[in-house]
Every structure is written in C-alpha cells, then in structure tokens.
Amino acid sequence: MKYTIMGFNQAKAVELNLDTDDLLILSYFSDFRDTELMVSEEFEGKRYYWLRYDALLENLPILGLKSKDALRRRLKKL
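What you see is a predicted model, and the numbers here were worked out from it, not measured in a lab. (Residues numbered from 1 in each chain as written. Predicted model: local features only at pLDDT ≥ 70, side-chain atom pairs only at ≥ 80, totals over all residues. Heavy atoms only, no water.)

Core analysis: the biggest nonpolar cluster contains 9 residues, these being Ile-25, Tyr-28, Met-38, Leu-51, Ala-55, Leu-56, Leu-60, Leu-63 and Leu-71. Of all the secondary structure elements, the ones that give two or more residues to this core are helix H2 (20-32) and helix H3 (53-59). Beyond its immediate chain neighbours, meaning those up to four positions away, Ile-25 contacts Leu-56, Leu-63, Leu-71, Arg-74, Leu-75 and Leu-78. (Core = buried A, V, L, I, M, F, W, Y, C linked by side-chain atoms within 4.5 Å. Buried < 20%, exposed > 50% of the residue type's maximum accessible area, 1.4 Å probe, protein only. Helix = DSSP H or I, 4+ residues; strand = E, 2+ residues; numbered from the N terminus. Contact = heavy atoms within 4.5 Å.)

In structure tokens form, the structure reads like this:
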C-alpha cells in the first residue's frame, strides 16, 4: 500500500473513513492556512481559521459540490 496520498497517511485516512475528496479539501486548507488568503484568529490559546466556502468551491470544482450546504456537510464530516 502506498504510504501517503496527497501528503496524508493513507492507512490513517482509511481508519478515519476519509475519501480522496476529503483529502483534497484538507490539502487545500493545509496549503492556504498560513497565507494572507486565509483569516485566522487566536482564541484561548488556540488558532482558528476562517474558511470561505465560496473560495473553496471556486478553487476546487473537481469536487463536484454544487452548493455551500453540500460543502458544509462534507466539512462537518471532517
């Protein structure tokens, strides 16, 4: 078995029931989380990030998600 898929441990992804679309979303987040393109805020010692659904849907049309609600359900799984 290939160890990593999109930079993530494949065995762990299978264990967590993540598919390639989930890994693509995580990869997108990972690529942009520390750039000026993503707003972040620290609260009680933890960093939180603001993910714009519009931006993700525009940048990842390959996901085939047609609505913000579909994306919200996908992100809730993560």
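On we go.
Moving on: the packing of H2 against helix H4 (residues 68-77). With their axes 11 Å apart at the nearest point, H2 and H4 run at an angle of 90° to one another. With respect to their mutual orientation, H2 and H4 come out roughly perpendicular. The residues of H4 that touch H2, namely those facing Asp-21, Asp-22 and Ile-25, are Leu-71, Arg-74, Leu-75 and Lys-77. The residue makeup of the contact of H2 with H4, split by class, is 3 nonpolar, no polar and 4 charged. (Axes fitted to C-alpha atoms, helices over the stretch in contact; angles between N-to-C directions. Parallel < 35°, antiparallel > 145°, perpendicular 65-115°, else oblique. Nonpolar A, V, L, I, M, F, W, Y, C, P; charged D, E, K, R; others polar.)

Aromatic ring pairs are described here by two measures, namely the spacing of the ring centres and the angle between the planes. By the definition in use, this model includes 2 aromatic pairs. Taken together, a centroid distance of 5.0 Å and an interplanar angle of 50° make the contact between Tyr-28 and Phe-32 tilted. Remark: Phe-32 and Tyr-28 occur in helix H2; sequence separation between them is 4 residues, near one turn of the helix. With a relative accessible area of 11%, Tyr-28 lands in the buried category. Residue Phe-32 is classed as partly exposed on the basis of its relative accessible area of 27%. Here the aromatic rings of Phe-29 and Tyr-49 are separated by 5.3 Å at their centres, their planes lie at 90°, and the arrangement is edge-to-face. In this pair, Phe-29 sits in helix H2 while Tyr-49 sits in strand S4 (residues 46-50), placing the two residues 20 residues apart along the sequence. (Phe/Tyr/Trp six-rings, centres within 6.5 Å; stacked < 30°, edge-to-face > 60°.)

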